[in-house]
Amino acid sequence: MTAGQSLSPMGRVLRHLVLMTGLVAMLGPFVVMLVTSFKPKAEIFAADFHLLPRQWGGGENYLTALTQVPLLGFLLNGAIVSAAIFLLQVLVNVPAAYALAKRRFRGRGVLFASVLVCLLIPYQAVALPIYILFFSAGLLNSYAALVLPFTISVFGIFLMRQFFIGIPDDLIDAARIDGMSEYRIVWSVMAPSAMPALVAFGIFSLIAHWNDYFWPLIAVSNEELFTPPLGIAFLKLNGEGTAYGPLMAAATIVITPLMLAFLVAQRRFIEGITFTGLKG
Amino acid sequence: MSGRGSVLLLTAPAMLLMAVFLIGPLLAVVALSFTNYQLGQPSLSFVGIANYLEMAEDETVRVSLGNTLVYAAVVVPASVALGLGAALLIEAEPSLRGFYRASYFLPVMATLIAMAIVWEFVLDPRLGVVNVVIKSFGWKPVDFLHDRKIVLFTLCGIGVWQSVGFNMVLFMAGLTAVPRELYEAAAMDGAGRGFERFRLVTWPMLGPVTLFTVVITAIRAFQVFDTVQVLTDGGPNKASEVLLHTIFAEAFNFFRDGYAAALVVMFLVFIVALSAVRLFVLGRGRTA
């Protein structure tokens, strides 16, 4: 912002001092996780504490994490499920958002009111009936069970509608005159103009579903379908509870994909979360 | 080409899925709360408000609701205040701004279940670095996750750690919306820096964002589950039992679906009340 040169030299030093202190708390767990994942067992359990590893135990820890449970399989499941959810979310919700923003039709008010009402429902509240539904349909323990409940995103509809409203009608009329179908208009005119909103929604969706624990815990019990959060909880419960070396290695592996994506597209991530946070 | 048919084509998938996965289940959960349904049992019967009466008498529910309220009462003010403080300090000057912003934001994205396990190690009474520091002062080590007087506040601490960065970026967005002229005007009136400037210019302009951030954080606090489930399982002796964890246990460990549904309805009442405030703020913000 703003503040520019309004800090005194003393204030500048104080600013760094306070922020650095906070930094120890914010980054501390990440540092401990990483250095511990490199320590051999004897050193983790040693009576005297050193932050940095004195001997290399990283190979063994990472090997144990990857072989004791199929961690790479869990990562793949996480990628498949998050990608499928976002793809279907776009296919289902973007056309509806376009209709709500740019088309006049009977029932539009009711539909938009339903979207607003559904925005109030936390997904944990509808998990039980959906579980019973999937149980009856024999759908539990499948990718479908992990993906389907999230294909509808009233939040996505709301967000995209807000964005579409600002796109000039002339653009749509011109496309109609060119003979484009309504579907073509959604994907060739509306979606490209709403890229920032779509990217923000994608990042929001990716973070939410890669990290989700509650629903996968309910929906699948078959190890082959575990997502990364389930996988690491499973490793904790099924390993010797105190095998901290492999656990820290597994934690590092699980959070690395999102961390790398964040480092590459930091600004986008922060904008995405801010944007979706403020509008949702 | 742009008649009724095409509108139906555009909206039908969303309407169908909304009915199946949101509105239908919402009605179902309310209906279930008046029955004694148990998964796998062939029959169910209408039991009126029996589940709600049982809920009112249930010691676990009382403890669980109390803990959830305490959790929210600690996490909301702490993470909003720290988020605001971090936003103000980081934006005050360009030096290391990007580095601080990214670092404080990191916990927001990191898989909470994985980081909960890391916290368990960090807080371990014997091996954890926090207790190494505590012992180096000559104090007795603290069993953060098994001492019933402390455990809930330990979980609050992890909750604050995770939400500070989220609140921080919301406040940063709020700060960019403060018109520059206001600061210049304040400087001319002699309130150019420090607390005076914050009190006269920044804080009044941040009012709506603050209210909004409080509501979002409160909603998220009511949904606390991951850390409890993987670290304490509500223990020791229910000292860290929270609402969503109680619901989860009744529904998916004991399969008392009717009773769990009644608990869900109570959970919903809290969330909807908080969300109503949020929509109200959102609506006001748009017209203003």
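Residues numbered from 1 in each chain as written. Chains lettered and ligands numbered in written order. Predicted model: local features only at pLDDT ≥ 70, side-chain atom pairs only at ≥ 80, totals over all residues.

**Re the overall build of chain A**
Here is the rule: Under the DSSP-based scheme used, a helix requires at least four consecutive residues in state H or I and a strand at least two consecutive residues in state E, with every element numbered from the N terminus. Restricting the calculation to C-alpha atoms gives the radius of gyration, and the globule rule supplies 2.2 Å times the number of residues raised to the power 0.38.
On a plain count of helices and strands, chain A comes out with 15 helices and zero strands. Computed over its C-alpha atoms, the radius of gyration of chain A comes to 24 Å, more than 25% above the 19 Å expected for a compact globule of 280 residues. The C-alpha extent of chain A, read off along each of the three principal axes, is 75 × 65 × 35 Å.

**Looking at the overall build of chain B**
Here is the rule: Our exposure labels follow a C-beta count within 10 Å of each residue's own C-beta, placed from the backbone: buried means 20 or more other C-beta atoms, exposed means 12 or fewer, and partly exposed covers the counts in between. In this description, any two residues whose backbone-derived C-beta atoms lie within 7 Å of each other are considered to be in contact.
A tally of regular secondary structure across chain B gives 12 helices and zero strands. Mapped from its N terminus to its C terminus, chain B presents α and β elements in the order α-α-α-α-α-α-α-α-α-α-α-α. Since a compact globule built from 288 residues should have a radius of gyration of about 19 Å, the 24 Å found for chain B marks it as more spread out than a globular shape. Principal axes of the C-alpha set define a box for chain B whose edges measure 75 × 75 × 35 Å. Across the 288 residues in chain B, those meeting the buried criterion constitute 44%. Partitioning the contacts of chain B with sequence separation of at least 6, the portion at a separation of at least 24 is 69%.

**With respect to helix H6 (residues 123-137) of chain A**
Residues and elements named next belong to chain A. Where we set the bar: How far a helix is expected to stretch is found by multiplying one less than its residue total by 1.5 Å. Bend angle per residue: angle between axes fitted to the 7 residues ending at that residue and the 7 residues starting there.
Taking 1.5 Å per residue as the helical rise, H6 with its 15 residues ought to reach 21 Å, and the 20 Å between its terminal C-alpha atoms agrees with that figure. Considering bend angle alone, the principal kink of H6 is centred on Pro 129 and spans about 30 degrees. Buried within H6 are the following residues: Gln 124, Ala 125, Val 126, Ala 127, Leu 128, Pro 129, Ile 130 and Tyr 131. Positive phi appears at Gly 138, one or two residues downstream of H6, with a value of about 65 degrees.

**A short note on the interface of chain B and chain A**
Rules: Each residue is assigned to one of three groups, with Ala, Val, Leu, Ile, Met, Phe, Trp, Tyr, Cys and Pro labelled nonpolar, Asp, Glu, Lys and Arg labelled charged, and all others, Gly among them, labelled polar.
Taken together, the contacts link 79 residues of chain B with 76 residues of chain A. With 17 residues, the top contributor of residues to the side of chain B that touches chain A is helix H1 (residues 4-32) of chain B. Residue classes in the side of chain B that touches chain A are distributed as 62 nonpolar, nine polar and eight charged.

**Describing the packing of helix H1 (residues 9-37) of chain A against helix H14 (residues 244-264) of chain A**
Residues and elements named next belong to chain A. Rules: Angles here are taken between N-to-C directions and fall from 0 to 180 degrees, while the axes themselves are lines fitted to C-alpha atoms, restricted in helices to the stretch in contact. In what follows, roughly perpendicular refers to angles from 65 to 115 degrees, roughly parallel to angles under 35, roughly antiparallel to angles over 145, and oblique to any angle outside these ranges. It is the rotation of the near helix from the far one that decides the hand of a crossing: anticlockwise by less than a right angle makes it left-handed, clockwise makes it right-handed.
At their nearest, the axes of H1 and H14 sit 8 Å apart, and the two run at 120 degrees to each other. One finds that H1 runs oblique with respect to H14. Judged by the sense of rotation from one axis to the other, the crossing of H1 with H14 is left-handed. Across the interface between the two elements, Met 33, Leu 34, Thr 36 and Ser 37 of H1 pack against Tyr 244, Gly 245, Met 248, Ala 249, Ala 251 and Thr 252 of H14. A per-class count over the contact of H1 with H14 returns six nonpolar, four polar and no charged.

**Focus on the environment of Leu 9 of chain B**
Residue and element names in this part refer to chain B. Assignment of secondary structure puts Leu 9 in helix H1. Here Leu 9 falls in the partly exposed class, since 14 other C-beta atoms lie within 10 Å of it. For the pair Leu 9 and Gly 48, spaced 39 residues apart in sequence, the C-alpha to C-alpha distance is 41 Å.

**Overview of the environment of Phe 135 of chain A**
With respect to the secondary-structure elements, Phe 135 of chain A resides in helix H6. For Phe 135 of chain A and Leu 159 of chain A, which are 24 residues apart along the polypeptide, the C-alpha to C-alpha distance reads 32 Å. Ignoring anything within four residues of it in the chain, the contact list for Phe 135 of chain A reads Leu 140 of chain A together with Leu 39 of chain B.

**Describing the packing of H1 of chain A against helix H4 (residues 97-109) of chain B**
Direction vectors running N to C along H1 of chain A and H4 of chain B enclose 45 degrees, while the axes themselves pass 9 Å from each other. The angle between the axes of H1 of chain A and H4 of chain B places the two elements in the oblique class. In this structure, H1 of chain A crosses over H4 of chain B, and the sense of that crossing is left-handed. Along its contact with H1 of chain A, which presents Leu 19, Leu 23, Met 26, Leu 27 and Phe 30 of chain A, the element H4 of chain B presents Tyr 100, Ser 103, Tyr 104, Leu 106 and Pro 107 of chain B. For the contact of H1 of chain A with H4 of chain B, the per-class residue count stands at nine nonpolar, one polar and no charged.

**Some details on unusual backbone geometry**
Residue and element names in this part refer to chain B. Between Gly 235 and Pro 236 the backbone carries a cis peptide bond, its omega angle lying at -5 degrees. With respect to the helices and strands, Pro 236 occurs in the loop between helix H10 (226-232) and helix H11 (243-253). Positioned with a positive phi, Asp 233 is a non-glycine residue whose angle comes to about 55 degrees. Within the secondary structure layout, Asp 233 lies in the loop between H10 and H11.

**With respect to the confidence of the model for chain B**
Residue and element names in this part refer to chain B. Condition: The pLDDT score gives, residue by residue, the confidence of the prediction method on a 0 to 100 scale.
In the predicted model, chain B carries a mean pLDDT of 89, and 94% of its residues have values of at least 70. Looking over chain B, one finds the lowest element-wise mean pLDDT in helix H8 (residues 180-188), namely 77, and the highest in helix H3 (residues 59-91), namely 96. If you check the scores for this complex, the pTM reads 0.91 and the ipTM reads 0.90.

**Considering H14 of chain A**
Over its 21 residues, H14 of chain A runs 29 Å from end to end, which matches the ideal 30 Å to within 8%, given 1.5 Å per residue. Thr 256 of chain A marks the point of greatest bend in H14 of chain A, at about 45 degrees, and the proline Pro 257 of chain A comes within the next four residues.

**Here's the deal with the nonpolar core**
Rules: Linking buried Ala, Val, Leu, Ile, Met, Phe, Trp, Tyr and Cys residues through C-beta atoms within 7 Å yields a set, and such a set is a nonpolar core.
In this structure, Ala 250 and Ala 251 of chain A together with Ala 114, Ile 117, Val 118 and Val 264 of chain B are the most contacted members of the largest nonpolar core, which totals 171 residues. Among the elements that make up this core, the one with the highest residue count is helix H7 (residues 151-176) of chain B (15 residues). For Ala 114 of chain B, the contacting residues outside a window of four places in its chain are Ile 232, Ala 251, Val 254 and Ile 255 of chain A.

**A look at the environment of Arg 103 of chain A**
Considering the arrangement of structural elements, one finds Arg 103 of chain A in the loop between helix H4 (71-102) and helix H5 (108-119). For the pair Arg 103 of chain A and Ala 249 of chain A, spaced 146 residues apart in sequence, the C-alpha to C-alpha distance is 52 Å.

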